[in-house]
Amino acid sequence: MDTLNLEGTEDTPRIFLDKKNGVMEISGRSLPEDSTAFYKPVLDWIEEYTKNPNPTTTFVFKLEYFNTASSK
């Protein structure tokens, strides 16, 4: 399982998912036009991670703002 590292933009958050170190972080602003398409790789990665998780996982949310579509 690879690390997922998406650089943030003005409308999308930075996403860093690291299996090796058990660290997951979502930070910034979440206003993607198509939140379903944007978050699909993230949800797929997390689903795969849950099949063989690390003994300890740290999940950090640092969202300044997220729209209704992102909250779903």
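Residues numbered from 1 in each chain as written. Predicted model: local features only at pLDDT ≥ 70, side-chain atom pairs only at ≥ 80, totals over all residues. Heavy atoms only, no water.

Novice: Looking at this structure, how should I read the sheet that holds strand 2 (residues 14-18)?
Specialist: The strands making up a sheet associate through hydrogen bonds between their backbones, and the pairing can be parallel or antiparallel. Here four strands make up an open sheet; going across it, the order is 1-2-3-4 and the pairing mixed. Edge positions in the sheet fall to strand 1 (4-6) and strand 4 (58-66), since each of these pairs with one other strand and no more. Sheet twist, expressed as the average angle between the axes of neighbouring strands with direction ignored, equals 5°. Two elements, strand 1 and strand 2, share three bridges in a ladder whose sense is antiparallel. Its bridge partner being in strand 2, Leu6 is matched across the sheet by Ile15. Of the strands in this sheet, strand 1, strand 2, strand 3 (23-30) and strand 4 are in contact with helix 1 (residues 35-49), which crosses strand 2 at around 15°. (Pairing = 2+ DSSP bridges. Helix = DSSP H or I, 4+ residues; strand = E, 2+ residues; numbered from the N terminus. Axes fitted to C-alpha atoms, helices over the stretch in contact; angles between N-to-C directions. Contact = heavy atoms within 4.5 Å.)

Novice: I'm lost on the side chain of Ser27 in this one. Help?
Specialist: Following the sequence through the fold, Ser27 ends up in strand 3. Ser27 sits in the buried class, given a relative accessible area of 14%. Among the polar contacts listed, one links the side chain of Ser27 to the side chain of Glu25, at a separation of 3.4 Å. Contact partners of Ser27, with chain neighbours within four places excluded, come to Pro13, Arg14, Lys62 and Leu63. (Buried < 20%, exposed > 50% of the residue type's maximum accessible area, 1.4 Å probe, protein only. Polar contact = N/O pair within 3.5 Å; in protein donor to acceptor, adjacent residues only side chain to side chain.)

Novice: Could you clarify how one ought to interpret the nonpolar core in this entry?
Specialist: Residues Leu4, Ile15, Leu17, Met24, Ile26, Phe38, Tyr39, Val42, Trp45 and Tyr49 constitute the largest nonpolar core, which totals 10 residues. Of all the secondary structure elements, the ones that give two or more residues to this core are strand 2, strand 3 and helix 1. (Core = buried A, V, L, I, M, F, W, Y, C linked by side-chain atoms within 4.5 Å.)

Limitation: the analysis is restricted to geometry and does not speak to function.
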